[in-house]
Each structure stands twice: as C-alpha cells, then as structure tokens.
Amino acid sequence: MPHRQLNRERVQAVEAVLEKAHGAGRSMLFEHEVYVILELLGLNVPSHHLVASGDEVDAGKLSRFSSDRVVLKVVAGDVAHKQKIGGVRVAVKDADFIRYSVDRMLSDMKAAGHEAEGVLLVECIDYSQDLGNEILLGFRESDAFGPVISFSKGGSDAEHFAQSFSPPNLILAPIDRKWAEALLYSTQIQKKFAAQGHTDYTDKIIDAGLRFSRLSTAFSNFFEGDRFVIREFEVNPFVFDRYGRFIAIDGYAVFEKRNEAVRALGKVERAPLTPFFEPEGVAVIGVSTSNLSSPGSTITENLIKLGRTDVYAVNPKGGELPFASGAVPVHTSLADIGRPVDLAIVSVPAAHALPVVEQCAEAGVRAAILIPGGFSETGNDDVEASILAVARKTGMRLMGPNCLGIIFGGNQGRPGINTFFVPEEKFRVPERESRNVAILSQSGALGIIELHQLRHAISPKVIVSYGNQLDTDPADLIGHFSQDDDVDVIGCYIEGFKPAAGARFFHVAGQCPKPVIVYKAGRTEAGRKATESHTASIAGEYAVAKAAMKQAGLVVAETMMDHVELIKTFALLNDFEVRGNRLAVIANAGYEKTYAADNLGSLQVAEFDQATTDSLRKVIPPFVDVDPLLDLTPMADDNMYAQCIEIALASDSVDALVVSIVPHAMDLKTTDSEMESDPDNIAARIVQLAKKYRKPVAVSVCVTGGADADYNRFGQTLDQGGVPTFLNASRATQCLNEFIRYRMIRRTGDYAEWLK
C-alpha cells in the first residue's frame, strides 16, 4: 500500500527522544517528550515549559502563554493517568499562585509515593467540548498485525464512551489518503463538520492520521527501523480551538527495544501447499493392526476408499490391516516403503512425534499432517519448536498439530485426500454437482458441524482443519485456494493469530479475488481464554482482527449462524448478477414482510414501475395492495406465487427478491406428500425462475430441512436447487444484503463502506 515515509532526519530526532528516555530507565515518555514528537510530525501542541520547582516560575516564562489560565501537569515516570491522582490542575496566570501550586503538587506527589521530575506548565486551550470536537487519535503495535491506528471520540469520558456506546474505529498502517478518509468517513463525523461550515476540519484530521501512520511504521517491528518500537502512542484529545487550529492537548506513549525476530517471521520462505492436496505417495504413520478404529487405521481406510493406490501404512511392528475391502500391508518404516512419499500423515502420540518428523525429513517427505494433540495447546511448546526447526531445514510443510487434517475432492480426475478419522456412518461429504467452496477451520469439529448444516445446499471441494498453526496457517491456505479455479467461496474460522501471522493474513486475504467469509473467535475475555486452551493461539485482539479483515475486504460474520448461512448464500448465488440493491419482498404473512423490511441493511425497497404494477394487478386479488413489500395473504396458491415472483424478477425496477412462504397455508403444495404428487410445486418453480432470471433470490420457508418431517423436502428442494433458504425473512434479508453489499463495494471500491 503506497504511503509516504517519515524522513530520515525526523526519524533520528524521534529516536533521540526515545534514547534519552531509555537511558533514564523509562519505557514511557513524559508528556513534553510526546509534544516534541508531535511537533516533529508537524502537528500543533500547546505552549509549554517544564519546571523542577516553584522557584523556576517567573513572569517571563508565563508571558509565553496567551491564555489567562495555565494547566499544571505533574511529570512522573510511574504515573500514567495523572488526573486520577490529582496530578493535573488549572490555575490563573499569576506567578505567585503558580509557584505555590507547583510546590504543593510536588509535595502531594511525594507524600503519595510518586517520584516527580517536575511540573509541566501548559497553555490552557479554549475549546468546545461538543461531541466531535474532542478526538482521540493514536496507534498501538499489535504482535499479530503490526501498527494499528485508532480514531474515536476523545475527552475525559472517551473510555466510557468506547465501552458503552461506540468502540474505536481501527485501521492497519500504513495508510494512504484514501484509507485515512475511509477511517474518518466510516464514522460520519465529517457530515457534522460540513453542516457547521468547517469542511477544513475533515482535512486536518485526515492529515494527522497520515502523520501518525508514518510515525507508526517508522517505529514498528514489522518495518525497517533503528533501535526502538513505539508500542502505544495516543493523543486524547485532539481539539479544534476557537481559531480553528487542530491541536493536541494530552499525549501518552510507551516504547521498547526493537525485536528483529518479528520481521524475520514475516520473511520465512514457504514452500507451496500442493503436496498436501496432490501428493504422489501418502504414508500413514501410526496405524494399529489390532484396532482398526484407531485414527491411523481409519485414515488409511478412508484414503483407500477414495481409490488411491499410493497409500502406505507404517508401524514399526509391521503386519497387515485386515480391512473388509482387502488386507493392507504395514511397513516397518518409511525406508521400507521403497517408493517416493510426498505426504506423511502422523498419527502417533505427541511424545513420539519429533523422531517421526525427523524420519520424514530424512526420507524427503514434502508435507506432513500432525494429527495428535498434546502440544502447545497444553503448554508443550518446546516439542513444537523442535519439530518446526526440523521441517524448516528441508522445506517440509507441516499442518497441525492438534487437527483432523484435510478432506479434498481431488483435481482433474486425480484422487483426493481424507484424513478425518470419523466413521463414515457418522460423517460423509455430500455429493453435489457444484463443489465451489473451501472451508478452512482451526477447529476440525466446527468444519464437520458446518458441513452437516450445509449438506442439502453445498458440497465443498475442500475442508481443512489446520489446528495449532505451527507452520500452515489461514494465510497459506487462502493464498493456495485463491489460485484454485474450482473454488469460488472461502469460509474461514479463526481462533487466533500467532506473532506476525495477522499481518501476513491481512495482505494475502486482501489480495484474494474471491469472497472470504470469516468468523473470528475470542472476542470476549472468556472466549479468548477458551481459544487459548484449545489452540495455543494468541487471541484477544478481536477488535484489531475484525478491523483488519474489514479493511482487507473480507466478509466478517458476527455469529456462527451468520458464518454458515453466509457461506451458503455466497456459494449458491456466486453466478448471479448483482445489478443494484433494490429489493422486493413477496410473502404470505404480514409479519414476514415486516421482518424483512426491518433488516434491510444497505438494501433499498424497490419502487415498482407502472408495467410491473399493472402486471401484478392482473394476478393478485383486488383486496391485496400492489406493493414492493407484497403480502399475498394465506390464500395465495402455487400459481399466484409463481406468477408474482416471475413478474418481480422480470421487472427492471427490481434487483433482488426475498420470497417468504409460511408453508402451512392450505392452498400451497408444501408437504412432502404434496410435493411428490405435484412436481410443479412452488419450491420447484422458484428454483426454475431463479435460474431463468439470474437475479439474487433468497427464500424464507419458516421451516428448514429436518426441522419438521412434514416439510423436509420443501427446504431441501430449494437449497439443492441453488436457492438459499432460511428459517425466517430476517435471516434471508440479512444474508442477501451481505452478498449484494459485498459485490457492490467490490465494484465501487468504497473504502469507507468496507470499514463499517
């Protein structure tokens, strides 16, 4: 992302400020030191002067301040929030009174156990505290994502406002002017400035954001630099004074020594993931001849059932696996196989994994899936580190540990992969004509559950359970399937990012030309602890991760239900054309059309043109009003429904359609038996019309497949026919909105919309 760098002279000047503070044993800057950095950035700060005691206060120093009052701020290395302990006072500009006040403040701090360096005298800035006039602007260094800029309401109640009303707006640095504008415009605050005749205020905030971006990248572990990294840098508030100056009132900064290992993590050369999915030779290490239900033995049988003839079972004891389809010999070692092996599936206990990986490296194995748990998710970090070191020497790729591995449908007639050690009677991948989805999940169990919920709608080409992300992580996988022509939609479940992995994910996913639908766990303290116990990932940065994903143009699911249903919506509507966001609703219950209208999001209710209105009047009863939110009442039958749907889809005034059907209506063919006796039922006709007009259609049937035995076939017919089906009009409208909004944002490049 192009951006201007902080020039070398200013970088060295900031470095000198940090060096001086570091030499004094501090990792936090004093406020006057923050002022120095802000001035180096070309930003306004109040007039100020540091005094060590009241004796240093005289009329000459006070004459520098144009205000009739002076703000006194204690300067102490162990105090972050001065105001809370009485370390900030406002005094009239009288030399004697200020001398007294300075000495009194220093005395009070000493009595409270704080070592103060002195008191900072600061010009008192006269400004309005109206909403929007006090702004918090800052950045912090995220271990996973790098520098993150924050922008929100400022002032003394900023923290309360962020927790109770509106969280800070975040964006990853570096940013250019377009992204700085997007950060501001996503809050809509510029509309207030415009209404007040202060359009220049918008430019001043954007300019400050760009300057903060340059500072953040100049002093970040993720970018080239000198000795120090600024971990936190915040001005609260920036204000517009009565002269229209944008001026920093209070500043705070924390820094540390640079950690070169972070940049090194981002530069690790990674071999392609192809051997995981298209291997020549697969060894399953850790089979059991006495327990055919063991993970290794189950995986071996799964692979053979896929028609693979290059599967080799390995156990030092040798023997054979007596499967129903025929006995499979067990090799005593990789060397005993005598043929090339690209992929090893390691299902031995964690305690034995390291020597097995060493054998794989010696044998030239290109990729290994580590199935067992008991590694870093339980505190066993050292073994993971040793395994990774072995793999790095030869370029061998690793997946896991603590994972189920891969289900992959194969490419161009080549057999696939299935390492999910789940009995076929409990889990199988449904066969569908279209297999355009990749599900990438840190949790294998979640991948199974999502696939089960989607079984009537989609059959994914691939499911990957990648576990602890020792080597292979979501960035690798998204990068790989971005290049797979069979995959149109990528669904991703992420519990956490390891150091530097978030930044790489941001860059790789942001370049993916396909919709990536993400659910990020660990958004609460309890959720963060739960993900840590499962995957040993560094979670707890949900707000940063969400902001990064939005900035990268991903679709962020707020709930697991959203994640499943959005994957279905995007997959089934992938080939449909989005011409605009004008929505019509056709229902047979008033509450359903209201439900849809209350959840429009960015959609707009269509306005029927005269031709559409006239066509509908010929079809619907006289007591039904022609309306884009059309309630046909429970008396509508299959023919009336189908005719109205076709008129709406054929209309130039309608871009998308939500159809809601309460299937209990007497004149509709909706039960399993009715649908069987009448193949031209309303569900089948909706499928035909959706394919004919290729406009986005979502259906609410108020029951879903499996929810009620009488209506099983109804929802299944729609889903299997490529029409996304939901439990109610709210869900249908919300998912349709996300699909249309994504397509339109991609087309227009409206960055501010991405960040909302």
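Brief notes about the overall build of the chain
Along the backbone of the chain there are 27 helices and 30 strands. When its C-alpha atoms are laid out on the principal axes, the chain stretches across 100 × 80 × 40 Å. The long-range share in the chain, meaning contacts at least 24 apart out of those at least 6 apart in sequence, stands at 74%. For the chain, the computed accessible surface area is about 31500 Å², with 49% contributed by carbon and sulfur atoms. Charged side chains of the chain number 77 positive and 98 negative; the gap between the two group centres comes to 3 Å.

Thoughts on the nonpolar core
One finds Y641 and I645 to be the most contacted residues of the largest nonpolar core, which totals 87 residues. The element that contributes the greatest number of residues to this core is helix α22 (residues 638-650), accounting for eight residues. Counting residues in hydrophobic clusters, the runner-up holds 59 residues, among them I299, I406, V464 and V516.

Some points on empty space enclosed by the protein
Rolling a probe over the atoms, with the probe sized like a water molecule, indicates the empty space that remains. Scanning all chains against the criterion turns up two cavities of 30 Å³ or more. One number sums up the size of the largest cavity: a volume of about 80 Å³. Looking at the largest cavity, the residues that line it are L137, I149, F151, I175, A180, L183, L184, I205, I206 and G209. Elements represented by at least two residues in the lining of the largest cavity include exactly β6 (146-153), α6 (177-185) and α8 (199-218). For the lining of the largest cavity, the residue count by class is nine nonpolar, one polar and no charged.

Topic: the sheet that holds strand β1 (residues 48-51)
Spatial ordering of the open sheet is given by β1-β4-β2-β3, a layout of four strands whose pairing is antiparallel. With partners counted over all chains shown, the strands left at the sheet margins are β1 and β3 (88-92), one partner each. Within the sheet, the average angular offset between the axes of one strand and its neighbour, ignoring direction, is 25°. Sheet topology places strand β2 (residues 69-76) next to strand β4 (residues 116-123); seven bridges connect them, and they run antiparallel. Within the sheet, the bridge partner assigned to V71 lies in β4 and is V122.

Focus on the pattern of salt bridges
Pairing between side chains becomes possible if they bear opposite charge and their charged atoms approach one another. Scanning all chains against the criterion turns up 41 salt bridges. For K73, the salt bridge identified is with E31, shortest N-O distance 3.2 Å. You can see K73 sitting in strand β2 and its partner E31 sitting in helix α2 (residues 31-40), a full 42 residues away along the chain. Comparing K73 with E31 shows no difference in burial state: the two are buried. Its salt-bridge partner being R504, residue D473 comes within 2.8 Å of it at the nearest N-O pair. Of this pair, D473 sits in the loop between β21 (462-465) and α15 (474-482) while R504 sits in helix α16 (residues 501-510); the two residues are 31 residues apart in sequence, bridging distant segments of the chain. It is possible to trace a salt-bridge network through shared partners that takes in R270, R392, R397, D471, D473, D476 and R504.

Quick word on the packing of α15 against α16
In the contact formed by α15 and α16, the axes pass within 8 Å of each other and the chain directions differ by 15°. For the element pair α15 / α16, the angle class is roughly parallel. The hand of the α15/α16 crossing is left-handed. Here P474, A475, D476, I478 and G479 of α15 lie close against α16, whose contacting residues are R504, F505, V508 and A509.

Rules of the game
- Chains are numbered independently. Their residues run from 1 in the order of the written sequence.
- Under the rules for a predicted model, residues below a pLDDT of 70 receive no local features and side-chain atom pairs below 80 are neither given nor counted, while totals for whole chains, interfaces and linings still include all residues.
- As a rule here, side-chain values cover all heavy atoms of the structure and leave hydrogens and water aside.
- Helix and strand definitions follow DSSP, with helices as H or I runs of at least four residues and strands as E runs of at least two, each counted in order from the N terminus.
- Residues count as neighbours in contact if any of their non-hydrogen atoms are within 4.5 Å of one another.
- Each accessible area value is a Shrake-Rupley result obtained with a 1.4 Å probe; residue values ignore everything except the protein chains displayed when judging cover.
- Charged-residue counts in this description rest on Lys and Arg as positive and Asp and Glu as negative, His and the chain ends being excluded.
- For this purpose, a charge sits on NZ of Lys, CZ of Arg, CG of Asp or CD of Glu.
- Think of a nonpolar core as a cluster: buried Ala, Val, Leu, Ile, Met, Phe, Trp, Tyr and Cys residues, connected wherever their side-chain atoms sit within 4.5 Å.
- Relative accessibility thresholds used throughout: buried, under 20% of the residue-type maximum; exposed, over 50%; partly exposed, between the two (1.4 Å probe, protein chains only).
- Any residue with an atom within 4 Å of a point lines the site, the site being either a cavity, points on a 1 Å grid over the protein atoms alone where a 1.4 Å probe fits but cannot get out, or a pocket, an open set with protein on both sides within 12 Å along at least 5 of 7 lines.
- Grid points are joined across faces, edges and corners, and a volume is the space filled by probe spheres set on the points.
- The nonpolar class holds Ala, Val, Leu, Ile, Met, Phe, Trp, Tyr, Cys and Pro. Asp, Glu, Lys and Arg form the charged class, and all remaining residues, Gly among them, are polar.
- At least two DSSP bridges between two strands are required for those strands to pair.
- The angle between two axes is taken between their N-to-C directions and runs from 0 to 180 degrees, where each axis is a line fitted to C-alpha atoms and a helix contributes only its stretch in contact.
- A pair is scored as a salt bridge if a Lys or Arg side-chain nitrogen falls within 4 Å of a carboxyl oxygen belonging to Asp or Glu.
- Working rule for angles: under 35 degrees goes down as roughly parallel, over 145 as roughly antiparallel, 65 to 115 as roughly perpendicular, anything else as oblique.
- Helix crossings get a hand from a simple test, with the near helix turned counterclockwise from the far one by less than a right angle marking a left-handed crossing and a clockwise turn marking a right-handed one.

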